[in-house]
Amino acid sequence: MKHTLIILLSIISLAKSAVVTSVEGNILIIDPTGNPNINPVVNPQKPTQISNEEVLDIAESEDKKLDMVIVWDAEEEDIYDFYDAPNWDFSESDLKELDRDSAISNILTITDALILEDSPSYSNIEIADGFSVTLKSTSFTFQNNNGFTGVNDDDDVVSTLNIFEGSDMDAMFSAIGLEINVDSTSSLTLRGTGDSINSQIERSIVNLSPNAKLTLSSLNQFAVQGDDIYLNGVSFSKNPDILKFNGNTGTAIPEAHLILLSAVSSILLLSQRRRS
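The structure contained in this document is the topic of the report that follows.

Quick look at the sheet that holds strand β8 (residues 132-136) now. Backbone hydrogen bonds are what pair the strands of a sheet, in a parallel or an antiparallel way. A sheet is described by the order of its strands in space; here 9 strands give the open sequence β4-β3-β5-β8-β11-β14-β17-β19-β20, paired in mixed fashion. A single partner strand is all that each edge strand has here, and the edge strands are β4 (88-89) and β20 (234-235). Across 3 bridges, strand β17 (residues 205-208) lies against strand β19 (residues 229-231) in parallel orientation. Note that in β19 the partner of V206 across the bridge is I229.

Written out as structure tokens, the structure is:
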């Protein structure tokens, strides 16, 4: 009993500076000191830990000439046109415009923006393999049956959408190898009624930080999409306790203390097995 108490006190002390989680009986420690709002980005095959700066690094292509940031700079009356060149500050890029018919092949940052994207349904905004779009203090709504997607090709390389710093995005779906990261201050709504995290062509996932919010069309959609929703490397299918629901809208609020409780439960179970 004394040994168990010492372990529990150590876990509680450790929780002040790290997130503790348990996967299939193995206790993992994830240090969030780089940026506690950013959850480790999940590789669908092997969860990994990265810092905030590395979020951009993994999104870079091998062609460094294209890896330049462009920033949203639209006037209020122009919030409906994502592709209108005057809405962007291209001063740090070789680009002059965004091509409606081509995938985004830059690291794209949108800050302090309100965007109501009204392109025709299923036109989507594609992000090229290995590149990223990051929303910071931004509200982005797809008004029609659209969303961000990766590109349909033979390469199994993810495209990345980061929803950070108090941002929210409302789309019909995500698809085709798109990895969405939502920090603890932000929210994501995918309102499609069937397979809104679509992995039919390439695996797509949503990677949540503690206290991030995810809204799907129904509670049942969380069960359907459970293999593609992660918190600290643990999927919703593996542990439904990683999400807390509010009403029937499917809003999920991950909380770090649920992970700590899981770790403590694992310690207690291990102690009971040793005594028996």
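Right, let's talk about the environment of S184 for a bit. Along the chain, S184 turns up in the loop between β14 (178-182) and β15 (187-190). On the accessibility criterion, S184 (18% relative accessible area) is buried. Along the sequence, S184 and S209 sit 25 residues apart, while their C-alpha atoms lie 5.1 Å from each other.

A few words now on the packing of aromatic side chains. The tally for this structure, following the rule as stated, stands at 12 aromatic pairs. Taken together, a centroid distance of 5.3 Å and an interplanar angle of 80 degrees make the contact between F82 and Y83 edge-to-face. For the pair formed by F82 and Y83, the shared burial category is buried. Centroid distance Y122 to F173: 6.3 Å. Interplanar angle 10 degrees. Geometry classified as stacked. Taken together, the positions of Y122 in the loop between β6 (114-117) and β7 (125-126) and F173 in the loop between β12 (168-171) and β13 (174-175) put the pair 51 residues apart, joining distant regions of the chain. Residue classification places Y122 among the exposed positions, given a relative accessible area of 56%. For F173, a relative accessible area of 15% corresponds to the buried category. Grouped by ring-pair contacts, the aromatic residues W72, F82, Y83, W88, F140, F142 and F148 constitute a single cluster.

Another aspect to go through is the side chain of T109. Looking at the secondary structure, you find T109 in strand β5 (residues 107-111). Judged by its relative accessible area of 12%, T109 is buried. The residues contacting T109, other than those within four sequence positions of it, are V69, I70, V71, W72, W88, T134 and K136.

Looking now at the nonpolar core. Soluble globular proteins tend to bury their nonpolar side chains together. Membership of the largest hydrophobic core comes to 43 residues, with the highest contact counts inside it found for F82, I110, F140, F148 and M169. With sequence-adjacent residues up to four places away left out, F148 is seen in contact with I125, I127, V133, F140, F142, L161, M169, F173, S174, A175 and L178.

What follows concerns the environment of L116. Within the secondary structure, L116 sits in strand β6. For the pair L116 and Y80, spaced 36 residues apart in sequence, the C-alpha to C-alpha distance is 4.8 Å. For L116, the contacting residues outside a window of four places in its chain are I79, Y80, T141 and Q143.

Counted according to the given criterion, the structure contains 3 salt bridges. The salt bridge partner of D81 is R100, with a shortest N-O separation of 4.0 Å. Of this pair, D81 sits in the loop between β3 (69-72) and β4 while R100 sits in the loop between β4 and β5; the two residues are 19 residues apart in sequence, bridging distant segments of the chain. Overall, the relative accessible area of 31% leaves D81 in the partly exposed class. One salt bridge in this structure joins R203 and D228, with 2.8 Å as the shortest N-O distance. Here R203, found in the loop between β16 (197-198) and β17, pairs with D228, found in the loop between α3 (219-224) and β19; they are 25 residues apart in sequence, far enough to count as distant. Taking the relative accessible area as the measure of exposure, R203 reaches 27% and is therefore partly exposed. Given the relative accessible area of 9%, D228 is considered buried.

Conventions and cut-offs
- Residues numbered from 1 in each chain as written.
- Predicted model: local features only at pLDDT ≥ 70, side-chain atom pairs only at ≥ 80, totals over all residues.
- Heavy atoms only, no water.
- Pairing = 2+ DSSP bridges.
- Helix = DSSP H or I, 4+ residues; strand = E, 2+ residues; numbered from the N terminus.
- Buried < 20%, exposed > 50% of the residue type's maximum accessible area, 1.4 Å probe, protein only.
- Phe/Tyr/Trp six-rings, centres within 6.5 Å; stacked < 30°, edge-to-face > 60°.
- Contact = heavy atoms within 4.5 Å.
- Core = buried A, V, L, I, M, F, W, Y, C linked by side-chain atoms within 4.5 Å.
- Salt bridge = Lys/Arg side-chain N within 4 Å of Asp/Glu carboxyl O.

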